[in-house]
Amino acid sequence: MKYLVMCEGPNELEIIRMLLEHDKLVFSEDDLLNLVPYHARQIGNNAAVKTALNLYPGDVQVLRIGDKLSDELKIPRAYKSKIKDIKKYCTKPELEMLLIISENMDSKFEKVKSKISPKTFSKENVVYNRMRYDNSTAFYRDYYGERIDLLVESIKRYKQLKGKHQKDERYLADLLK
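Described in the following lines is the structure provided in the data block.

What counts as what
Residues numbered from 1 in each chain as written. Predicted model: local features only at pLDDT ≥ 70, side-chain atom pairs only at ≥ 80, totals over all residues. Heavy atoms only, no water. Core = buried A, V, L, I, M, F, W, Y, C linked by side-chain atoms within 4.5 Å. Buried < 20%, exposed > 50% of the residue type's maximum accessible area, 1.4 Å probe, protein only. Helix = DSSP H or I, 4+ residues; strand = E, 2+ residues; numbered from the N terminus. Contact = heavy atoms within 4.5 Å. Polar contact = N/O pair within 3.5 Å; in protein donor to acceptor, adjacent residues only side chain to side chain. Expected span 1.5 Å × (residues − 1). Arc of directions from axis to C-beta. Phe/Tyr/Trp six-rings, centres within 6.5 Å; stacked < 30°, edge-to-face > 60°. Lys NZ or Arg CZ within 6 Å of the ring centre and 35° of its normal.

1. Description of the nonpolar core
Core analysis: the largest hydrophobic core is formed by 41 residues, its most contacted members being Ile15, Leu19 and Tyr144. Of all the secondary-structure elements, those providing two or more residues to this core are β1 (2-7), α1 (10-21), β3 (60-66), α3 (97-102), α6 (137-144) and α7 (148-162). Ranked by residue count, the leading element in this core is α1, at six residues. Setting aside residues up to four positions removed in sequence, leucine 19 forms contacts with Lys24, Leu25, Ile148, Leu151, Val152, Ile155 and Leu176. Judged by nonpolar contacts, the second largest core, of 16 residues, contains Leu4, Tyr38, Ala52 and Val60.

Shown next, in the form of structure tokens:
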């Protein structure tokens with residue numbers, strides 16, 4: 001069985017790539033369908049995902065990663081027998097919570113969270129190497145690339161702080177070794 005890792009956005013994809021590069025996940029690139037994670041919300045409208053599913057003869061487990069996983073994953077008829085399970089790993093309210101936690105600003109954010117989103121808060125408060133957070137994959141790569149342990153610790157801390165997701169949603173921390 002292979003994993004089809006579907007990341008909601010490019011930043012989630014970058015986080016997963018970095019964790020894979022540093023062998024921090026419970027699976028390796030060898031366990032992935034076509035050896036890579038994908039930036040995809042749905043199977044049916046992603047040619048790369050469909051091609052990978054068509055080429056792989058075995059069973060597949062889908063791992064969806066993102067902050068808004070409320071939309072149902074529609075499995076095209078051609079893949080219904082191949083896809084054995086779907087698991088959701090949620091980063092809500094937003095992936096920027098990892099930056100806020102990494103900067104030890106979670107208590108500062110708690111005071112204003114009813115008025116401002118984590119993304120906006122990060123754009124206003126997070127600076128690394130004289131670069132202000134700009135919602136780019138490059139920023140995540142610069143910020144965590146050489147500090148992968150900080151990323152891992154922030155993912156774990158997020159789970160401690162967050163409490164409970166919906167019962168069918170897991171945490172990114174659940175994918176860590």
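From this point, the discussion proceeds with the structure in view.
2. Quick notes on the side chain of glutamate 96
Inspection of the secondary structure puts glutamate 96 in the loop between β4 (83-90) and α3. On the basis of relative accessible area, glutamate 96 is assigned to the buried category, the value being 2%. Only 2.5 Å separates the side chain of glutamate 96 from the side chain of tyrosine 133, close enough to count as a polar contact. Not counting the four nearest positions on each side in its chain, glutamate 96 is found in contact with Pro118, Lys119, Ser122, Tyr133, Asn135 and Tyr140.

3. Examining α7
Taking 1.5 Å per residue, 15 residues should reach 21 Å; α7 reaches 21 Å between its end C-alpha atoms and fits that length. Those residues of α7 that are buried lie in contact with α1, β4, α3, α6 and β7 (169-171).

4. Focus on helix α2 (residues 47-55)
Among the residues of α2, Val49, Ala52 and Leu53 are the ones counted as buried. In a view along the axis of α2, the buried residues occupy a sector of 100°, so they form one face of it. In this structure, α2 carries Ala47, Asn54 and Leu55 as exposed residues pointing more than 90 degrees from its buried face. In this structure, the buried residues of α2 make contact with β1, β2 (38-39) and β3. With a side-chain oxygen lying 3.2 Å from the backbone nitrogen of alanine 48, the N-terminal cap of α2 falls on asparagine 46.

5. Points about the packing of aromatic side chains
Enumeration over the complete set of coordinates arrives at eight aromatic pairs. Ring plane angle 70° and centroid distance 5.2 Å describe the contact between phenylalanine 109 and phenylalanine 121, whose orientation is recorded as edge-to-face. Of this pair, phenylalanine 109 sits in helix α4 (residues 106-112) while phenylalanine 121 sits in helix α5 (residues 118-125), placing them twelve residues apart in sequence. Assigned by exposure class, phenylalanine 109 and phenylalanine 121 land together as buried. On the basis of an interplanar angle of 80° and a centroid distance of 4.7 Å, the ring pair of tyrosine 143 and tyrosine 144 is categorised as edge-to-face. Taken individually, tyrosine 143 and tyrosine 144 each receive the classification buried, so the pair is uniform in this respect. Cluster of aromatic residues (ring-pair linked, three or more members): Tyr128, Tyr133, Phe139, Tyr140, Tyr143 and Tyr144. Between arginine 147 and the ring centre of tyrosine 143, over which it is positioned, the NZ or CZ distance is 4.4 Å.

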